[in-house]
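Structural description and commentary
Residues per chain are reported as follows:
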Amino acid sequence: MNINFLEVDVFNNEAGSLISLEAKKNVPFEIKRVYCIFKTNTELRRGFHAHKNLNQVLICVNGSCKVLLDDGYERTNIELSSPSKGLIIKDFIWREIFDFSSDCVIMVLADNFYDESDYIRDYDEFLKIIKNY
Ligand code: T46
């Protein structure tokens, strides 16, 4: 599976760290939505869905987590443990997020607004769509 990452500059100094994300500059799309995932239950997995029309970048700004990506043919696990590495997830990719460190904070940039009808939450339905693509 072709996995795309975003290289992000991290500006560190004695006061702390900073990353900057700019639409169509270091982020390859117009950003319409930003959300954060934090205070995660380290025992549980999240996600379990794909999107029909949504590109996202996941950046683990603190701590670490793993992301399972599944394109209907192949599955792969990616570890995110640095704000310098953003994971680009396009549409029609099943994702699950797991193995959160207790201090994990994930920031997600999305090129579309929140729309529940954009979610494919049933894995069999996801496979059916992929196989007829
Ligand atoms: C994704 C992974 C990485 C909103 O009201 N607005 C939003 O923008 C989002 C993202 C969620 N919500 C509500 C919907 C649910 O009631 O927040 C609640 C938790 O969302 P969800 O169960 O979808 O969270 P995850 O972690 O399973 O999935 C999220 C994103 O929804 C999804 O697009 O790719 O993070």
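Refer to the structure printed above.
These numbers were taken from a predicted model, which means no experiment stands behind them. (Residues numbered from 1 in each chain as written. Predicted model: local features only at pLDDT ≥ 70, side-chain atom pairs only at ≥ 80, totals over all residues. Heavy atoms only, no water.)

**Quick word on the sheet that holds strand 5 (residues 46-51)**
Here is the rule: Should DSSP find at least two bridges between two strands, the strands are regarded as paired. To qualify as a helix, a DSSP run of H or I must reach at least 4 residues; to qualify as a strand, a run of E must reach at least 2; elements of each kind are numbered from the N terminus.
Taken in spatial order, the five strands line up as 8-7-10-5-12 in an open sheet, and their pairing is antiparallel. For this open sheet the edge positions go to strand 8 (75-80) and strand 12 (119-120), each flanked by a neighbour on one side alone.

**A look at the side chain of Asp71**
Test applied: Throughout, exposure labels follow a simple rule: accessible area from a 1.4 Å probe, protein chains only, divided by the maximum for the residue type, with under 20% read as buried, over 50% as exposed, and the rest as partly exposed. We count Lys and Arg on the positive side and Asp and Glu on the negative side, and we leave His and both chain ends out. Counted as salt bridges are all cases of a side-chain nitrogen of Lys or Arg within 4 Å of a carboxyl oxygen of Asp or Glu. Polar contacts here mean pairs of N or O atoms no more than 3.5 Å apart (in protein, one a potential hydrogen donor and the other a potential acceptor; neighbouring residues in sequence count only if both atoms are side-chain atoms). Residue contacts are defined here by distance: any two heavy atoms, one from each residue, within 4.5 Å place the two residues in contact.
Checked against the element boundaries, Asp71 lands in the loop between strand 7 (65-70) and strand 8. Lys131 provides the closest opposite charge to the buried, unpaired Asp71, separated from it by 7.4 Å. From its side chain, Asp71 meets the backbone nitrogen of Tyr73 in a polar contact 2.9 Å long. Within polar-contact distance, the side chain of Asp71 engages the backbone nitrogen of Glu74 at 2.8 Å. Beyond its immediate chain neighbours, meaning those up to four positions away, Asp71 contacts Met1, Phe92, Ile93, Phe126 and Ile130.

**Some remarks on the site of the ligand**
This is how the line gets drawn: Whether a residue is near a molecule or strand depends on its heavy atoms: if one lies within 4 Å, it is near. Lys, Arg, Asp and Glu make up the charged group, whereas Ala, Val, Leu, Ile, Met, Phe, Trp, Tyr, Cys and Pro make up the nonpolar group; the residues left over, Gly among them, are polar.
In the vicinity of the ligand there are 13 residues, among which Arg33, Arg46, His51, Arg95 and Tyr119 approach most closely. Interatomic distance of 2.7 Å between a side-chain N/O atom of Arg46 and an oxygen atom of the ligand. One nitrogen or oxygen atom from the side chain of Gln56 is found 2.7 Å from an oxygen atom belonging to the ligand. Looking at the shell around the ligand, the element that brings in the most residues is strand 5, giving four residues. Looking at the shell around the ligand residue by residue, the class counts come to five nonpolar, four polar and four charged.

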